[in-house]
Amino acid sequence: MRTIHSVLLAGAVLVGFTGPVYAQVDLSGEWAARQHEDAPERGGGPEVGEYQGLPINDAARFRADAWSASLWTVPEHQCIPHPADYGPNFSGVRIWKDVDPVTQEIVAYHTNIAWMNPVRTIWMDGRPHPGPNALHTWEGFSTGRWEGDMLTVETTHLKAGYLRRNGLPRSEKAVLREHFFRTGDVLTWISIVTDPVYLTEPYIKSRNFVLDPGYQVTLYPCSIDVEVPRPGGEIPHYLPGSNPFLSDFAMKHNLPLEAVRGGASTMYPEYVERVKASAPADRGVR
Amino acid sequence: MIAGPGGNTTVQVGRDGVLVVDPQTTAVSQPILAEIGKLSPAPIRYVINTTLDADHVGGNQAVAGSGQTLAGGNTRAATVYSSGGAPIYAHENVLKRLSGEGGVASGWPTDTYFVDQKDLFINGEPVQLIHAQAAHTDGDTMVVFRRTDVVSAGDVFTPDRYPVIDLQRGGSINGLIAGLNQLLRITVPEFNQQGGTLVVPGHGRLSDEADVADYRDMVTIVRDRIQDLVKRKMTLEQVKAARPTFDYDGIYGAQKGAEFIEQVYRSLAR
């Protein structure tokens, strides 16, 4: 009996010491973006009516069809920073941390990207998210937790934003989940957007960065200037059925119109076969 | 900002006492007073109504009645302890409608203005009452706290729902859009469209300029769509069937979207 107890005790001790072993990870530093993934979308930007590969619903499509690029000339729109879910598409990023010197616990991570210099805070101290009447911001309210070597972040309280820079909307009811993991000097940043208003499935994208200690985030003091005179209160947009540019992208790339109109089915590999069986676009979207 | 079932109350506290914008409904007067008491032990000196709906003025009597008007010297006893209570400010159209047919028996504004703007100074800062003409109603006031950089927008701005245009009480779609643009001229973002002036809406969450702009865009775009359908001689039912709020209904609610469409249609038809 004593032998059995000894074996059980030894087993318990071993189990106690055989949990997962994690490397120490720090995300702090200056990171240069690697834009090999989705380069046209991230560089020059999407074209009008280019919705393929996104799990959008009819409401999102309807709203994007009404969007006019001239909206960016309206004063209140000129200096908008990219929201937290769109920011990783661009430029490098600086990540730094606040450490409690007494406990050595990380209180928060912060990120800062070049475009409009939005500073984002990811709270690591276990604080709850604020109530529904709190201010919503471009970067939202983020809390993080380590899952092994991976930092998982939940973000709420985002302002209404966009899935693409061609008017595809993302509502303020969206929730952003992110996973950050570091492999040597490479940082992988995965974003998952869930939006009950404009998406039928989560929208997932990954972005890669390389450690670049020489990278400097430049100051971006945006100046609001009225350069397009227009009647007071006018907001540029297209009335339903009147946007003449919606089929240009499909025609330019010899794609079926249905494919570029987006929707969850256009995200998956089997959709390639459906595209092959479809006729390319030859007329406008009405 | 105190958020309640009747909307939002703005409270300014300081050396002179307490200023309350929109004390919400009668039913929540005591909880509102309790919350104000947590912010300051000083007496309530002013109550301001941004509009005339019961969810903005219902608590006037209880909240103003619990306060004290500013007075001193040998008149203090008469003003503070006889007439009692804090003055209630509003645009004069609020008083006209509350005291007229279909109005209420008590809780009327005691001090009104009829010009574009009325200025007060309390708790070390200028407080401006700015009339938004023919917006939600014809008696809407936006209250600007210039030093703390806060605006109480009333029902000109309600980011959790479509606007309500009270056509029977002087509201109009074009006046509402003008009111939203008026609000945008007051607000100033701090840096690259982030932060800056805080806006307390009549209903919904605390906001800033970017939120007002997003809402203004929506209201303007829906107005333009309905205006186009009206020009094409469509009936109200045809306009509703065209679903001009379709892309926004997931945010503000489809049922309220139908009501908003009807209000805009009837406003444009006038």
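Scroll up to find the structure this text is about.
This one's a predicted model, so the numbers in the text were calculated from it and none came from an experiment. Per chain, residue numbering runs from 1 following the sequence as it is written. Written order determines the labels here, with chains lettered from A and ligands numbered from 1. Totals for whole chains, interfaces and linings use every residue, but because this is a predicted model, local features are given only for residues with pLDDT of at least 70 and side-chain atom pairs only at 80 or more, for both listing and counting. Side-chain metrics in this entry use all non-hydrogen atoms of the structure; hydrogen atoms and water are not considered.

(A) Quick look at the overall build of chain B. Assigned secondary structure in chain B consists of 10 helices and 11 strands. The atom set for the radius of gyration is the C-alpha atoms, and the globule formula is 2.2 Å times the number of residues raised to the power 0.38. Computed over C-alpha atoms, the radius of gyration of chain B comes to 19 Å, within 12% of the 18 Å expected from 2.2 N^0.38 for 270 residues, which places it in the range of a compact globule. For chain B, the spread of C-alpha atoms along the three principal axes comes to 70 × 50 × 35 Å. Here, residues are in contact when the closest pair of their heavy atoms is within 4.5 Å. When contacts within chain B are restricted to residue pairs at least 6 apart in sequence, those whose partners lie at least 24 apart make up 61%. Just so you know, the count uses Lys and Arg for positive and Asp and Glu for negative, and it drops His and the chain ends. Just so you know, the charge point we use is NZ for Lys, CZ for Arg, CG for Asp and CD for Glu. Charge centroids of chain B, computed over 24 positive and 30 negative side chains, lie 3 Å from each other. In this description a helix means any DSSP run of H or I spanning at least four residues, a strand means any run of E spanning at least two, and both kinds are numbered starting from the N terminus.

(B) Seen up close, the interface of chain A and chain B. If you look at the interface, chain A gives 38 residues, while chain B gives 32 residues. The term buried area means the drop in 1.4 Å probe accessible area that two parts suffer when joined, counted for both and summed. Both faces considered, chain A and chain B share a buried interface measuring about 2,800 Å² in area, 58% of it formed by carbon and sulfur atoms. Contact with chain B buries area across many residues of chain A, yet Glu76, Asn133 and Leu135 of chain A alone supply 21% of it, more than any other trio. Here, a salt bridge means any Lys or Arg side-chain nitrogen found within 4 Å of an Asp or Glu carboxyl oxygen. In this assembly, chain A and chain B are joined by 5 salt bridges. A salt bridge links Glu76 of chain A to Arg216 of chain B; the nearest nitrogen and oxygen atoms lie 2.9 Å apart. Looking at the side of chain A that touches chain B, the elements that each hand over two or more residues are α3 (58–65) and α4 (75–78) of chain A. In terms of residue count, α3 of chain A provides more of the side of chain A that touches chain B than any other element does, 4 residues in total. Gly falls in the polar group here, along with every residue not listed as nonpolar (Ala, Val, Leu, Ile, Met, Phe, Trp, Tyr, Cys, Pro) or charged (Asp, Glu, Lys, Arg). Among the residues making up the side of chain A that touches chain B, the classes are represented as 25 nonpolar, 7 polar and 6 charged.

(C) A look at the layout of surface pockets. All names here are of chain A. Of the pockets and cavities examined, the largest pocket occupies roughly 370 Å³. Here a cavity denotes a set of grid points, spaced 1 Å apart and computed over the protein atoms alone, in which a 1.4 Å probe fits but from which it cannot get out, and a pocket denotes an open set meeting protein on both sides within 12 Å along at least five of seven lines; residues with an atom within 4 Å of a point are reported as lining. In terms of lining, the largest pocket is formed by 19 residues, of which the most central are Asp38, Glu41, Gln52, Gly53 and Arg164. Sorting elements by how many residues they give to the lining of the largest pocket places strand β11 (residues 203–211) first, with 5 residues. Here the second largest pocket is characterised by a volume of approximately 310 Å³. Grid points are joined across faces, edges and corners, and a volume is the space filled by probe spheres set on the points.

(D) Spatial organisation of unusual backbone geometry. Phi at Gln104 of chain A takes a positive value of approximately 65°, unusual for a residue other than glycine. Along the chain, Gln104 of chain A falls in the loop between β2 (93–99) and β3 (106–113). In this model, Asp22 of chain B sits at a positive phi of 60°, which is unusual for a non-glycine residue. Mapping Asp22 of chain B onto the fold places it in the loop between β3 (17–21) and α1 (29–39). Think of it in three bands: with a 1.4 Å probe and only protein chains considered, a residue is buried below 20% of the maximum accessible area for its type, exposed above 50%, and partly exposed in between. Take Asp22 of chain B: its relative accessible area is 2%, and that puts it in the buried class.

(E) Here's a closer look at helix α10 (residues 254–269) of chain B. All names here are of chain B. Counted at 1.5 Å a residue, the expected span for α10 with its 16 residues is 22 Å, and the 22 Å between its end C-alpha atoms agrees. Considered for burial, the residues of α10 that qualify are Gly257, Phe260, Ile261, Gln263, Val264, Tyr265, Ser267 and Leu268. Packing partners of the buried residues in α10 comprise α6 (173–186), α7 (209–231), α8 (236–241) and α9 (249–252). Expected helix span is computed as 1.5 Å times (number of residues minus one).

(F) Focus on the pattern of salt bridges. Residue and element names in this part refer to chain B. For the coordinates displayed, the defined rule picks out 36 salt bridges over all chains. Between Asp166 and Arg169 there is a salt bridge whose closest N-O contact spans 2.7 Å. Residue Asp166 is classed as buried on the basis of its relative accessible area, which comes to 15%. For Arg169, a relative accessible area of 29% corresponds to the partly exposed category.

(G) Up close: α7 of chain B. Taking 1.5 Å as the rise per residue, α7 of chain B with 23 residues should run 33 Å; its terminal C-alpha atoms sit 32 Å apart, in good agreement. The positive-phi residue at the C-terminal boundary of α7 of chain B is Lys233 of chain B, with phi of around 65°.

(H) Looking closely at the packing of aromatic side chains. Any two of the Phe, Tyr and Trp rings considered here, Trp counted by its six-membered ring, make a pair once their centres fall within 6.5 Å; the pair's planes then place it as stacked at under 30 degrees, edge-to-face at over 60, or tilted in between. The full count for this structure, using the stated rule, is 14 aromatic pairs over all chains. With centroids separated by 5.2 Å and ring planes inclined at 65°, the aromatic side chains of Trp115 of chain A and Tyr220 of chain A adopt a geometry described as edge-to-face. Here the residue Trp115 of chain A occupies a position in the loop between β3 and β4 (119–123), and Tyr220 of chain A occupies one in the loop between β11 and α5 (248–252), the gap between them amounting to 105 residues. Since its relative accessible area comes to 32%, Trp115 of chain A is described here as partly exposed. Taking the centre distance of 5.3 Å and the plane angle of 85° together, the rings of Phe157 of chain B and Tyr215 of chain B count as edge-to-face. Taken together, the residues span a long stretch of sequence, with Phe157 of chain B in the loop between β10 (150–154) and α6 and Tyr215 of chain B in helix α7 at a distance of 58 residues. For the pair formed by Phe157 of chain B and Tyr215 of chain B, the shared burial category is buried. Taken together, the ring pairs connect Phe157, Tyr162, Tyr215, Tyr252 and Phe260 of chain B into an aromatic cluster. The ring of Trp123 of chain A has Arg127 of chain A lying over it, and the distance from NZ or CZ to the ring centre is 3.4 Å. A ring has a charge above it when a Lys NZ or an Arg CZ is no more than 6 Å from the ring centre and no more than 35 degrees off the ring normal.

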